Amino acid sequence: MADGLRGLAVLIVEDEFYLADDLAFAVISAGASVCGPHGRVDDALRALDAGEVVDLAVLDIDLFGERVFPVADRLRGRGAPFLFATGYDHEIIPDRFRDAPRLEKPFAVEAVVAVLEALSSLG
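Below, the structure is looked at part by part.

What counts and what doesn't
Residues numbered from 1 in each chain as written. Predicted model: local features only at pLDDT ≥ 70, side-chain atom pairs only at ≥ 80, totals over all residues. Heavy atoms only, no water. Helix = DSSP H or I, 4+ residues; strand = E, 2+ residues; numbered from the N terminus. Rg over C-alpha atoms; globule rule 2.2 N^0.38 Å. Buried < 20%, exposed > 50% of the residue type's maximum accessible area, 1.4 Å probe, protein only. Contact = heavy atoms within 4.5 Å. Areas by Shrake-Rupley, 256 points an atom, 1.4 Å probe, with all protein chains shown as cover. Lys, Arg positive; Asp, Glu negative; His and termini not counted. Charge placed at Lys NZ, Arg CZ, Asp CG, Glu CD. Pairing = 2+ DSSP bridges. Axes fitted to C-alpha atoms, helices over the stretch in contact; angles between N-to-C directions.

This brings us to the overall build of the protein chain. Looking only at helices and strands, the protein chain has 4 helices and 7 strands in total. The C-alpha radius of gyration of the protein chain comes to 13 Å, within 12% of the 14 Å expected for a compact globule of 123 residues. Along the first, second and third principal axes, the C-alpha set of the protein chain runs to 35 × 30 × 30 Å. Across the 123 residues that make up the protein chain, the buried fraction comes to 46%. Contacts spanning at least 24 positions in sequence make up 65% of the contacts within the protein chain whose residues lie at least 6 apart. In the form shown here, the protein chain has an accessible surface area of approximately 6100 Å², with 52% of it arising from carbon and sulfur atoms. The average position of the 11 basic charges and that of the 22 acidic charges among the side chains of the protein chain differ by 5 Å.

Printed below as a string of structure tokens:
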């Protein structure tokens, strides 16, 4: 993979271990560092509250039955772009996040990296 994310920090919030691991590998291969992966909303919020640097994020919507939207709110407040990587339809996403990109599972991790690269070029 190219290094289009070089020097950026990417938060990964995903409760499926193997997918989280694949995403982390792809992000690192693209030159970024990884925060997480975190499989629970509370863990991701704790990392953010502890001052974890996050430039971009990949968020699964459903984490063991809990919605990731509090993490998305926190990222939005920091000005950190994110994408939703989910098996859920777009209707589950609150209106305030309708502008965030959404990749539907199953997806290729390369597609996630491409969207992250696009998001990084917007800022």
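Following the structure, the description resumes.
Turning our attention to the sheet that holds strand E1 (residues 9–13). Judged by pairing direction, the sheet is parallel, and its 5 strands sit side by side in the order E2-E1-E3-E6-E7 without closing on themselves. For this open sheet the edge positions go to strand E2 (33–38) and strand E7 (102–104), each flanked by a neighbour on one side alone. For this sheet, the mean angle separating the axes of adjacent strands, direction not counted, is 15°. As paired elements, E1 and E2 share 4 bridges and run parallel to each other.

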